[in-house]
Structures are given as C-alpha cells and as structure tokens.
Amino acid sequence: MSNIIEIMDSSALNRAITRISHEIVEKNKGTKDLVILGIKTRGMPIAKRIAANIESFESSKVELGSVDITEYRDDRAKEENGILRSRIDLEVKDKNVVLVDDVIYTGRTCRAAINAVMDAGRPQKIQLAVIVDRGHRELPIRPDYTGKNVPTSREEMIHVLLKEQDGKDVVILTKFEGGEE
C-alpha cells in the first residue's frame, strides 16, 4: 500500500524553474560562457525549460546539451579496457557548466555527471540545479540551485512528472506503508 502526496503543483514547479533560471544568470553574471547540461533522462526537459527561460529574459542564446552518465555509474561494471566514453554533445572546456537534474538523493548521479563533464574537458566551474533535494547524501555534493527541499525517509520516493514525458507537471512523494509493493 502506498500513499501519494503532491509536493508541488504545475504552478509551483514552473515558479521554481523560473526562479532557478534567474538565479543561474545572477550567479554567473550573465550568459557568457554558460552551458546548461541536462542529465539524461529527467534532467533534460528541465534543462530545456531553464535555457528557454534564460533566453527569453536575457535575449541571448544559451548553449544547451545533455550528459549521459550510463558508463560513469559506480553500480555498473567498467568496460574491459577501462576507457569510458564521455556522452556530452557540446564543448565544455573553460565554460560555466550547470548540470540539471530532477531530484538529488545520494549524490551518485551528480558525481557520475561531474566525471563525464571532466572527461569531456575542464570547465571553468560546474554547478548543479535540481528541482527537489530530498537529503540522504552519501557524497559531499550540494546543489547550487534548488526548487524545493523535501526531507524524506528512505522508504519514500520523490517523482517529478513533466508534461514532456508524463503529460502533466507535478511533483509527488510516494510513501510506502507495510507489505511489499
């Protein structure tokens, strides 16, 4: 049995993305050398929205790309030759990179994304933007931009549903109670 609690409705989610967009521009003093990278798969639609927001209020194009961390995950076996292929589709060397994801939990996804970025080239700096920080970090990683902090137990899950993938914008917390799901 599970309980579903709505954490953010469509309006709250859009406000958070808009606020994060403004904070990114402010912290980076504009859009010069700014690169927005969505962590596949849930981070990409959010990154697109952030880039579109920045372009609309700054009237300048923002470099937008994605990062595939599949080969960088620490819960997967490494390739036999030990060489990892970076899955970043644009130049990051000497850029101000903002990684975008939906939820930060242990920090392992972010660590994998940072490793992928560093293998692609040494950026000026790397920042992290997330919609929800749910706590329980296993690594010393903290987002620079957060839509909402939602302390959770390990038995709870946060789901960021997006129009692009799910047909609606909402953030929900699923709480499992008793028995197996």
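The name an unreviewed UniProt entry gives the chain is Bifunctional protein PyrR, with Alkalibacter saccharofermentans DSM 14828 as the organism. As stated in UniProt under Catalytic activity (unreviewed entry), the record for the chain gives "UMP + diphosphate = 5-phospho-alpha-D-ribose 1-diphosphate + uracil".

## A look at the sheet that holds strand β5 (residues 125-133)
Strand order across the open sheet formed by 5 strands is β3-β2-β4-β5-β6, with parallel pairing between neighbours. For this open sheet the edge positions go to β3 (63-67) and β6 (145-149), each flanked by a neighbour on one side alone. Put simply, the sheet's adjacent strands are angled 25 degrees from each other on average, direction ignored. Relative to β3, strand β2 (residues 34-39) runs parallel, the two sharing 5 bridges. Residue Ile36 lies in a different strand from β3, and its bridge partner there is Leu64. Most of the contacts of helix α1 (residues 10-27) go to β6, to which it runs at about 150 degrees, and overall it touches β2, β4 (96-104), β5 and β6.

## With respect to the environment of Arg154
Turning to its location among the elements, Arg154 is positioned in the loop between β6 and β7 (156-161). According to the relative accessible area criterion, Arg154 is partly exposed, its value standing at 48%. Arg154 sits 36 residues away from Met118 along the chain, and the two C-alpha atoms are 30 Å apart. The residues contacting Arg154, other than those within four sequence positions of it, are Tyr105, Arg134, His136 and Glu138.

Rules used throughout
- Residues numbered from 1 in each chain as written.
- Predicted model: local features only at pLDDT ≥ 70, side-chain atom pairs only at ≥ 80, totals over all residues.
- Heavy atoms only, no water.
- UniProt positions renumbered as here; feature names shortened; annotations may be inferred.
- Pairing = 2+ DSSP bridges.
- Helix = DSSP H or I, 4+ residues; strand = E, 2+ residues; numbered from the N terminus.
- Axes fitted to C-alpha atoms, helices over the stretch in contact; angles between N-to-C directions.
- Contact = heavy atoms within 4.5 Å.
- Buried < 20%, exposed > 50% of the residue type's maximum accessible area, 1.4 Å probe, protein only.

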